[in-house]
Amino acid sequence: MENIEPKSLNFIEQIIEKDLSEGKNGGVVYTRFPPEPNGYLHIGHAKSICLNFGLGAKYHGRTNLRFDDTNPTKEEDEYVQSIMEDVRWLGFQWEGEPRYASDYFEQLYLWAEEMIQRGLAYVDDQTSEEISAQRGTPQKPGIFSPFRNRSVEENLDLFRRMKAGEFPDGSRVLRAKLDMASPNMQMRDPVMYRILHSSHHRTGNKWSIYPMYDYAHGQSDYLEGITHSICTLEFENHKPLYNWFLDQIADVNHVRPQQIEFARLNLSYTIMSKRKLLELVEKKIVSGWDDPRMPTISGLRRRGYTPESIRSFADRIGVAKRDNIIDVGLLEFSVRDHLNKVAPRVFAVLDPVKLTITNYPSGSSEWLEIENNPEDPQSGSRKLEFGPNLFIERDDFMENPPNKFFRLGPGREVRLKGAYIIKCEDFIKDENGVVVEILCTYDPTTKSGEGQSRKVKGTLHWVNADKAVDAEVRLYDRLFNDEDPAGHKDLDFLDFLNPDSLQILNNCKLEPTLQNANPEDKFQFQRLGYFSVDKNSSQDHLIFNRTVPLKDSWVKQSK
RNA sequence: UGCCUGAUAGUGUAACUGGCAACACGUCUGAUUCUGGAUCAGAAGAGUUCAGGUUCGACCCCUGAUCGGGCAACCA
């Protein structure tokens, strides 16, 4: 059934629909996602991926994956592999083979030679410091390079020798001859090529010169027939240059890409800069790019996020041009929303305390039928063995509970989920005053699902102490305790690290059905939250990562 | 002091292109519940940065201010 809700269009969709209605680009929509393989993709990239691939799909167009690999000093194949994996995992498929800017090095070079012939580019022998100094400031115009008026022949000769590897790194660059007085800094004779004797992850040592982003990007879009080249706001100032480079090669009969900028994603309590994320990895503040606390796609995956939840998040945050900081709460809402529908409910006690049912026939047990997910009737049920020796959550018992505490306390009654109503008769403390065992009686007439028994306020989860399996559970919290850790002028983002971002629990007791859980399997630990099996988990040593806790209106109320 | 760009509830995004501001998250009630989850019902919360102008009528158009973001890598 078609949803005929007239969902409003974001500004990019409006542009596209206008183009379409005017018959621009022959009615074609062709987008691209152009990551630089110099790090792992993060949730901000996910926004861009969903945008670009989403637009391609929505308008029956196509979307390329293109690696913007013009800087061999920073790029590695490891990143290429992880990026492809992440894009696929998110559920998108790029058109044909992945593309690489390096596929176009030859063509780019030829066009550069043409520009030299037409007097539009020149070789500059100065150092980067000298060039930088001559560029002026946003307020003051720059001045001409002393090499700006070299002859075409000399420029061509020098450029070819740069290519041939005759000169050391940094000794010369090729610059576009534009306007040193332009109020737009990008237009002040930007560098097109620099010398880099560095091995490239794909072209090896074939090239000793590499094109700069501004020169390579638009031309690559052009070569691929991209119609809508979507990038983030910081490239707004580059648009005139993007268009200028295109002007030098564009054929009127060829699709001409247009650059459209949108505001990148910012998430509260997290950092999004690849450089800073790299720093966390290199300083071993996190275990790696896929540490579950990282906002990387691989980190979120390991944390237990689903592709669906990330896509619906991207959908919810929208696309616009104004700077934004999205509340991480919205991301968390998105996972809960999805996992609530699909994650099987299981019993897990993270901080166990012994509970003994004193009137239960000793030595006996019984099998109880427990539904797997009340939100999903298709999910069926499973059987759990119930007996007199149990574990419950330490939090679920209080020696002197307040009135609103709907759990266990001396003389209080509570239901054990899927089992019976029990009453706390007594409890035992050790010499340190720590409760070590709770003694209860159960009411055999209150078995779950049988008749309409009386109601009690609270329901607890439990595990059978004789059958439980052990597990390690990792509780994650936000990595930073400041809303905008990178937004402080005189303070480093590392000053805001949350010391409690990871809490490892080693004495957790799980229902036995979890013994065979596999990495990335997702569950709702009843009453606690959503948990996902870590990639390093094994049957001998189960490890679960907490994706996100359940909403808890008790903690709010109790404080 | 230059150029580019943006400004709508706490946060994000809308408003059929001029017809007295909606949706989501969050918050707060209440119902329901064998998860203090989910679900359901409801409420509070902005008069659209400010000041002028055009108009019968302005979030939308014009003028001017204010505030925010970006730009001076041989990074992308």
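See above for the structure.
These numbers come from a predicted model, not from an experiment.

About the cut-offs
The residue numbers shown here count from 1 along each chain, following its written sequence. For naming, the first written chain is A and the first written ligand is 1, with later ones following in the order written. The predicted origin of the model limits local features to residues at a pLDDT of at least 70 and limits the giving and counting of side-chain atom pairs to 80 or more, whereas totals for whole chains, interfaces and linings rest on all residues. For side-chain calculations, the full set of non-hydrogen atoms in the structure is used, while hydrogens and water are omitted. Only strands that DSSP links by at least two bridges are regarded as paired with each other. Put simply, DSSP H or I for four residues or longer makes a helix, DSSP E for two residues or longer makes a strand, and each gets a number counted from the N terminus. Burial status follows relative accessibility: with a 1.4 Å probe on protein chains alone, a residue under 20% of its type maximum counts as buried, one over 50% as exposed, and anything between as partly exposed. Angles here are taken between N-to-C directions and fall from 0 to 180 degrees, while the axes themselves are lines fitted to C-alpha atoms, restricted in helices to the stretch in contact. Note on angle classes: values under 35 degrees are labelled roughly parallel, values over 145 roughly antiparallel, values of 65 to 115 roughly perpendicular, and the remainder oblique. For any pair of crossing helices, the crossing counts as left-handed if the nearer helix is rotated counterclockwise from the farther one by less than a right angle, and right-handed if it is rotated clockwise. In this analysis, two residues are considered to be in contact whenever any of their non-hydrogen atoms come within 4.5 Å of each other. Three classes are used: nonpolar for Ala, Val, Leu, Ile, Met, Phe, Trp, Tyr, Cys and Pro, charged for Asp, Glu, Lys and Arg, and polar for all others, with Gly counted as polar. Between 30 and 60 degrees the pair is tilted, below 30 it is stacked and above 60 it is edge-to-face, where a pair is any two Phe, Tyr or Trp rings, Trp via its six-membered ring, whose centres lie within 6.5 Å. Any Lys or Arg side-chain nitrogen located within 4 Å of an Asp or Glu carboxyl oxygen qualifies as a salt bridge. Only a single heavy atom is needed: when it lies within 4 Å of a molecule or strand, its residue is near that molecule or strand. Here a polar contact is recorded for every N or O atom pair within 3.5 Å, except that within protein the pair must consist of a potential hydrogen donor and a potential acceptor, and residues adjacent in sequence are included only if both atoms are side-chain atoms.

## What about the sheet that holds strand β17 (residues 421–429)?
Part 1: Strand order in the open sheet formed by seven strands is β19-β16-β17-β18-β12-β15-β20, and the pairing between neighbours is mixed. Two strands lie at the open edges of the sheet, namely β19 (459–460) and β20 (463–464), each paired on one side alone.
Part 2: Where strand β16 (residues 413–416) and β19 come together, two bridges link them in parallel fashion. Directly across from arginine 415, in β19, lies its bridge partner threonine 459.

## Description of the pairing of strand β24 (residues 529–533)
Part 1: Among the five residues in β24, five count as buried, and that is most of the element.
Part 2: Examined bridge by bridge, strand β23 (residues 522–525) and β24 share four bridges and lie antiparallel to one another. Within β24, the residue paired with lysine 522 across the bridge is serine 532.
Part 3: Between β23 and the antiparallel strand that follows it, β24, lie three residues; arginine 527 among them carries a positive phi value of about 70°.
Part 4: Of the strand pairs in this sheet, β24 and strand β25 (residues 542–549) are connected by five bridges, and their pairing is antiparallel. In the sheet register, serine 532 faces β25, and the bridge partner there is asparagine 545.

## Some points on the packing of helix α4 (residues 105–117) against helix α6 (residues 152–163)
Part 1: Relative to each other, α4 and α6 sit at 160°, their axes nearing to 9 Å. Overall, the two elements α4 and α6 adopt an arrangement that is roughly antiparallel. Note that α4 runs across α6; the crossing there is right-handed. Together, Glu106, Tyr109, Ala112, Glu113, Ile116 and Gln117 of α4 and Val152, Asn155, Leu156, Phe159, Arg160 and Lys163 of α6 make up the contact between the two elements.
Part 2: Across the contact of α4 with α6, the residue classes tally to six nonpolar, two polar and four charged.

## Quick look at the packing of aromatic side chains
Part 1: Using the criterion set out here, one finds 27 aromatic pairs in the structure.
Part 2: Considering the side-chain rings of phenylalanine 67 and tyrosine 100, the 5.2 Å spacing of their centres and the 25° angle between planes classify their relative orientation as stacked. Placement of the pair is phenylalanine 67 in strand β2 (residues 62–67) and tyrosine 100 in strand β3 (residues 99–100), with a sequence separation of 33 residues. The same class applies to phenylalanine 67 as to tyrosine 100, namely buried.
Part 3: When the ring of phenylalanine 159 is compared with that of tyrosine 193, the centres are 5.3 Å apart and the planes differ by 65°; the resulting orientation is edge-to-face. Taken together, the residues phenylalanine 159 in helix α6 and tyrosine 193 in strand β6 (residues 191–195) connect sequence positions 34 residues apart.
Part 4: Residue class for phenylalanine 159 comes out buried when judged on its relative accessible area of 0%.
Part 5: We classify tyrosine 193 as buried; its relative accessible area is 1%.

## Notes on unusual backbone geometry
Part 1: Positive phi outside glycine occurs at aspartate 189, with the angle close to 45°.
Part 2: Inspection of the secondary structure puts aspartate 189 in the loop between β5 (173–176) and β6.
Part 3: Look at tyrosine 269: it is not a glycine, yet its phi comes out positive at around 60°.
Part 4: Mapped onto the elements of the fold, tyrosine 269 is located in the loop between β9 (258–262) and α9 (274–282).
Part 5: Among the residues examined, tyrosine 269 registers a relative accessible area of 22% and is labelled partly exposed.

## Some remarks on the sheet that holds β5
Part 1: Pairing is antiparallel in the open sheet, where four strands are placed in the order β4-β5-β6-β7. Two strands bound the open sheet, and with one partner strand each, they are β4 (121–124) and β7 (209–211). In this sheet, neighbouring strand axes are inclined to one another by 20° on average, regardless of whether the strands run parallel or antiparallel.
Part 2: The pairing of β4 with β5 spans four bridges and is classified as antiparallel. By the bridge assignment for β5, tyrosine 122 is matched with arginine 175.
Part 3: Sitting on the sheet, α4 is in contact with β4, β5, β6 and β7, with an inclination near 115° to β6.

## Some words on the pattern of salt bridges
Part 1: In total, this model carries 45 salt bridges according to the counting rule given.
Part 2: Across the pair aspartate 534 and arginine 302 runs a salt bridge, and its minimum N-O distance is 2.7 Å. Taken together, the positions of aspartate 534 in the loop between β24 and β25 and arginine 302 in helix α10 (residues 297–303) put the pair 232 residues apart, joining distant regions of the chain. Here aspartate 534 and arginine 302 have matching classes, each one buried.
Part 3: The network of salt bridges with common partners includes Asp290, Arg302, Glu472, Arg474, Asp534 and Lys535.

## A short note on the protein's contact with RNA strand B
Part 1: The full set close to RNA strand B counts 71 residues, and Thr70, Gln126, Arg345, Ser448 and Gln524 are the nearest of them.
Part 2: The sugar and phosphate moieties of RNA strand B supply 62% of its atoms located within 4 Å of the protein.
Part 3: At 3.3 Å from a sugar or linking oxygen of RNA strand B is found a side-chain nitrogen or oxygen belonging to aspartate 68.
Part 4: Within the backbone of lysine 404, one N or O atom sits 2.8 Å away from a base nitrogen of RNA strand B.
Part 5: When residues of the surface near RNA strand B are traced back to their parent elements, those giving at least two are α5 (128–134), β6, α11 (307–317), α12 (328–342) and α13 (553–558).

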